[in-house]
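# Residue-level structural notes
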Amino acid sequence: MLPLWTAVGVFVWLGLHYQVDALLIAGGVFIVGLLSNAFAWLVGVIALIPLVGPLIAKVLSVGFVWLLNAIGYLVSLIAIRRGYTKDVLTYRGLTIAMIVGIVIGYVVCKLV
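Our subject in this report is the structure included herewith. Note that the structure is predicted; figures quoted are calculated from it, not measured.

Quick notes on the rules
Residue numbers here run from 1 along each chain, matching the order of that chain's written sequence. Given that this is a predicted model, residues contribute local features only at a pLDDT of at least 70 and side-chain atom pairs are listed and counted only at 80 or more, while totals for whole chains, interfaces and linings are drawn from all residues. Excluding hydrogens and water, the side-chain figures rest on all heavy atoms present in the structure. Secondary structure counts use DSSP, requiring at least four H or I residues in a row for a helix and at least two E residues in a row for a strand, with both numbered from the N terminus. With C-alpha atoms as the basis for the radius of gyration, the globule rule is written as 2.2 Å multiplied by the number of residues raised to the power 0.38. Contact between two residues is taken to exist if any of their heavy atoms lie within 4.5 Å; hydrogens are not considered. Only the protein chains shown count as cover for residues, with accessible areas throughout obtained via the Shrake-Rupley method and a probe of 1.4 Å. Space inside and on the surface of the protein is sampled on a 1 Å grid over the protein atoms alone, with a cavity defined as a set of points where a 1.4 Å probe fits but cannot get out and a pocket as an open set with protein on both sides within 12 Å along at least 5 of 7 lines; lining residues have an atom within 4 Å of a point. Grid points are joined across faces, edges and corners, and a volume is the space filled by probe spheres set on the points. Gly is put with the polar residues, along with every residue not named as nonpolar or charged; the nonpolar set is Ala, Val, Leu, Ile, Met, Phe, Trp, Tyr, Cys and Pro, and the charged set is Asp, Glu, Lys and Arg. Angles here are taken between N-to-C directions and fall from 0 to 180 degrees, while the axes themselves are lines fitted to C-alpha atoms, restricted in helices to the stretch in contact. The labels follow the angle: roughly parallel below 35 degrees, roughly antiparallel above 145, roughly perpendicular from 65 to 115, and oblique for the rest. Put simply, a crossing is left-handed when the front helix is turned counterclockwise from the back one by less than a right angle, and right-handed when it is turned clockwise. Helices are assigned an expected span. That span is 1.5 Å times one less than the residue count. Grouping into patches uses exposed residues only, defined as over 30% relative accessible area, and leaves out salt-bridged ones; the cut-off is 9 Å for like charges and 5 Å for nonpolar side chains (Val, Leu, Ile, Met, Phe, Trp, Tyr). A carboxyl oxygen of Asp or Glu within 4 Å of a side-chain nitrogen of Lys or Arg is what we treat as a salt bridge. Any residue under 20% of the maximum accessible area for its type is buried, any over 50% is exposed, and the rest in between are partly exposed; the area is computed with a 1.4 Å probe on protein chains only.

Regarding its fold elements, the protein chain presents six helices and zero strands. Scanning the protein chain from its N terminus toward the C terminus, one meets helices and strands in the order α-α-α-α-α-α. Against the compact-globule benchmark of 13 Å for 112 residues, the protein chain has a radius of gyration of 17 Å, which places it well outside the compact range. Its C-alpha atoms give the protein chain principal-axis dimensions of roughly 45 × 35 × 20 Å. Counting only contacts in the protein chain whose residues sit at least 6 apart along the sequence, the fraction spanning at least 24 positions is 52%. For the protein chain, the exposed area adds up to about 8400 Å²; of that, 77% sits on carbon and sulfur atoms.

Another point: the layout of surface pockets. The volume enclosed by the largest pocket comes to roughly 440 Å³. If you trace the largest pocket, you find 14 residues lining it, with Phe39, Leu60, Val65, Trp66 and Asn69 closest to the centre. Its residues assigned to classes, the lining of the largest pocket comprises 13 nonpolar, one polar and no charged.

Quick look at the packing of helix H4 (residues 53–60) against helix H6 (residues 85–111) now. Closest axis-to-axis distance for the H4/H6 pair is 10 Å, and the angle between their directions is 135 degrees. The angle between the axes of H4 and H6 places the two elements in the oblique class. Where H4 crosses over H6, the two elements pack in a sense that is right-handed. Contacts between H4 and H6 involve Leu55, Ile56, Lys58 and Val59 from the former and Val103, Tyr106, Val107, Lys110 and Leu111 from the latter. Among the residues forming the contact of H4 with H6, the class breakdown is seven nonpolar, no polar and two charged.

Below, the discussion takes up the packing of helix H5 (residues 63–82) against H6. Put simply, H5 and H6 touch, their axes get as near as 10 Å, and they point 175 degrees apart. Of the possible angle classes, the one that applies to H5 and H6 is roughly antiparallel. Taken together, the residues of H6 that come into contact with H5 (itself represented by Phe64, Val65, Leu68, Asn69, Gly72, Tyr73, Val75, Ser76, Ala79 and Ile80) are Val88, Tyr91, Arg92, Met98, Ile99 and Ile102. Across the contact of H5 with H6, the residue classes tally to twelve nonpolar, three polar and one charged.

Attention now goes to helix H2 (residues 22–36). Its 15 residues give H2 an end-to-end C-alpha distance of 21 Å, which sits within 8% of 21 Å, the value for a rise of 1.5 Å per residue. Positive phi appears at asparagine 37, one or two residues downstream of H2, with a value of about 60 degrees.

A few words on a nonpolar patch on the surface. A grouping of Met1, Leu2, Trp41, Leu42, Val45 and Leu48 is seen on the molecular surface, where their side chains present a nonpolar patch of about 560 Å² in accessible area. Looking at the nonpolar patch element by element, the count peaks at three residues for helix H3 (residues 38–47). A residue is classified by how much of its surface remains accessible, and leucine 48, at 70% relative accessible area, is exposed.

Right, dumping it as structure tokens:
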């Protein structure tokens, strides 16, 4: 899987360098990741980190975090179409901070 992730990283870099549409790049990475189970491998590599890795892998697989992030993207899409781009940046920053806080809180709780 390491050569696959290296190739994906190179293609993403080339796509950004040649100004290919970001949606096309993200879709390609998503399809390659799903077809090759590369995302599962990446979570498995994260889980190999002693003490903290298995906890982070558990949090990444929690459906609540995925649901919270998906709702954030939907709200962002609606707000951007209505012209609230500055508010969207603030909202997404707060959402990411909350998700990171949930992950850190879960890890610290399991360690204590």
